[in-house]
Amino acid sequence: MSGLTIGKIILEEVDSTNSYAKKNIGKISDRTAVIAKCQTSGRGRLNRSWVDLGDGNLFLSIVLKPSNSYHDIYSNLTQYLSVVLCKVLEEYGLQPQIKWPNDVLINNKKIAGILAETVMNANCLKGVILGIGVNLNSNQEDINNIPNKIATALNIEINKHVNIEEFTDKLLDKFFENYDEFINTGFSNIKDDYIKRNCFLNNEIKVQVFNRTEEGLAQEINDNGELILRNKNNQNVTLMIGDIL
Ligand code: BT5
């Protein structure tokens, strides 16, 4: 059953579902899913790109309009979506893991990417665009050609073609099942679910934060979803964003 309150815009081809949602934010209502069958210029964070692996892969942007002003917990929506995605992948018999802040991995290989963008007009929040790409159906050769990343796709992991509509509906239903509760309570609402799937805590790690690198023991995820590193000077460093290397 697909979520009854979710509007859907389905596009044959687009540059990027996030860019489309951004351009049309005034016309798209709250809780709308923009889905493209083909994406020609998919975007990752920091100007990186997201590779379209052909038919049967998911390119989705969820448009949300939770209030007229920005609240810090909206930045945790990417972590919320990573937990939702893990729960859906678990229904396929897999054991996904989360690499802070929101990479979802299967056996250490990246299966999905999440990109959140906010659209503001002066101090007024026009919307939050939560973009997600999930590799659902690919061949190993195309996966191997993804630059700078060891990746995988769901069909490779379960050895079976994946029905994209079924997967999309599962993801959207699960997302909206607890969305209102999450918006009202914030990261603490999913903290346990997030931590139990993590693959980085208690490890010595390096984190790229723009052009600097922080190094230390990944000690904790706090109630805001931030990563606390204990560095070699025994100081705690709190990170909001970054890439674990
Ligand atoms: C992300 O960025 O992982 C966020 C990607 C979000 C894509 C969705 S698709 C729908 C919506 N519309 C958009 O335009 N974007 C969103 P980041 O953490 O910066 O990772 C990007 C890196 O992941 C790239 O530099 C590659 O190394 C790798 N990558 C690219 N395509 C991939 C793929 N299909 N599968 C796995 N890894 C990939």
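Fair warning: this is a prediction, and the values are worked out from it, not measured in the lab. (Residues numbered from 1 in each chain as written. Predicted model: local features only at pLDDT ≥ 70, side-chain atom pairs only at ≥ 80, totals over all residues. Heavy atoms only, no water.)

Some thoughts on the site of the ligand
Phase 1 of the analysis: In the vicinity of the ligand lie 28 residues, with S16, R43, R48, N135 and P147 positioned nearest.
Phase 2 of the analysis: Interatomic distance of 3.5 Å between a backbone N/O atom of N18 and a nitrogen atom of the ligand.
Phase 3 of the analysis: The contact in question runs from a nitrogen atom of the ligand to an N or O atom on the side chain of N135, over 2.8 Å.
Phase 4 of the analysis: Taking 790 Å² as the accessible area of the ligand by itself, protein coverage stands at 97%. (Near = heavy atom within 4 Å. Polar contact = N/O pair within 3.5 Å; in protein donor to acceptor, adjacent residues only side chain to side chain. Areas by Shrake-Rupley, 256 points an atom, 1.4 Å probe, with all protein chains shown as cover.)

Let's talk about the pairing of strand β6 (residues 109–121)
Phase 1 of the analysis: When strand β5 (residues 103–106) meets β6, the two strands line up antiparallel, connected through 3 bridges. Looking at β6, one finds that V104 is bridged to A112.
Phase 2 of the analysis: The turn linking β5 back onto β6 is made up of 2 residues, and N107 within it adopts a positive phi angle of 45°.
Phase 3 of the analysis: In terms of strand pairing, β6 meets strand β7 (residues 124–134) through 10 bridges, oriented antiparallel. Bridging from a neighbouring strand, L115 pairs with G131 of β7.
Phase 4 of the analysis: The turn linking β6 back onto β7 is made up of 2 residues, and A122 within it adopts a positive phi angle of 55°. (Pairing = 2+ DSSP bridges. Helix = DSSP H or I, 4+ residues; strand = E, 2+ residues; numbered from the N terminus.)

Quick look at the sheet that holds β5
Phase 1 of the analysis: Read across the open sheet, the 7 strands follow the order β1-β2-β3-β7-β6-β5-β4; overall the sheet is mixed. Sheet topology places β1 (7–14) and β4 (97–99) at the edges, where each strand pairs with a single neighbour. Each adjacent strand pair in this sheet contributes to an overall mean axis angle of 20°, direction not counted.
Phase 2 of the analysis: Each of β3 (58–64), β4, β5, β6 and β7 touches helix α2 (residues 77–90); the most contacted strand, β7, lies at about 30° to it.
Phase 3 of the analysis: Against the sheet, helix α5 (residues 164–177) makes contact with β1, β2 (32–39), β3 and β7, and its axis sits at roughly 25° relative to β3, the strand it touches most. (Axes fitted to C-alpha atoms, helices over the stretch in contact; angles between N-to-C directions. Contact = heavy atoms within 4.5 Å.)

A closer look at the pattern of salt bridges
Phase 1 of the analysis: A complete count under the given rule lists 19 salt bridges for this structure.
Phase 2 of the analysis: K23 is the salt-bridge partner of D15, the closest N and O atoms lying 3.7 Å from each other.
Phase 3 of the analysis: Given a relative accessible area of 61%, K23 falls into the exposed group.
Phase 4 of the analysis: The partner of D243 in a salt bridge is R45, with the nearest N and O atoms 2.5 Å apart. Residue D243 is found in strand β12 (residues 243–244), and its partner R45 is found in the loop between β2 and β3; the two are separated by 198 residues along the sequence.
Phase 5 of the analysis: Classification of D243 by relative accessible area gives buried; the value is 18%.
Phase 6 of the analysis: We classify R45 as partly exposed; its relative accessible area is 25%.
Phase 7 of the analysis: Connected via shared salt-bridge partners are K87, E90, D193, K196 and R197. (Salt bridge = Lys/Arg side-chain N within 4 Å of Asp/Glu carboxyl O. Buried < 20%, exposed > 50% of the residue type's maximum accessible area, 1.4 Å probe, protein only.)

Considering unusual backbone geometry
Phase 1 of the analysis: With an omega of 0°, the peptide bond between W100 and P101 qualifies as cis.
Phase 2 of the analysis: Relative to the helices and strands, P101 resides in the loop between β4 and β5.
Phase 3 of the analysis: The phi torsion at N47 lies on the positive side, around 65°, for a residue other than glycine.
Phase 4 of the analysis: You can see N47 is positioned in the loop between β2 and β3.
Phase 5 of the analysis: Looking at N47, the relative accessible area reads 82%, which means it is exposed.

Details of the state of the cysteines
Phase 1 of the analysis: What the rule picks out here adds up to 0 disulfides.
Phase 2 of the analysis: Unpaired in terms of disulfides, C199 finds its nearest cysteine sulfur in C86, a separation of 9.6 Å.
Phase 3 of the analysis: On the accessibility criterion, C199 (24% relative accessible area) is partly exposed. (Disulfide = S-S within 2.5 Å.)

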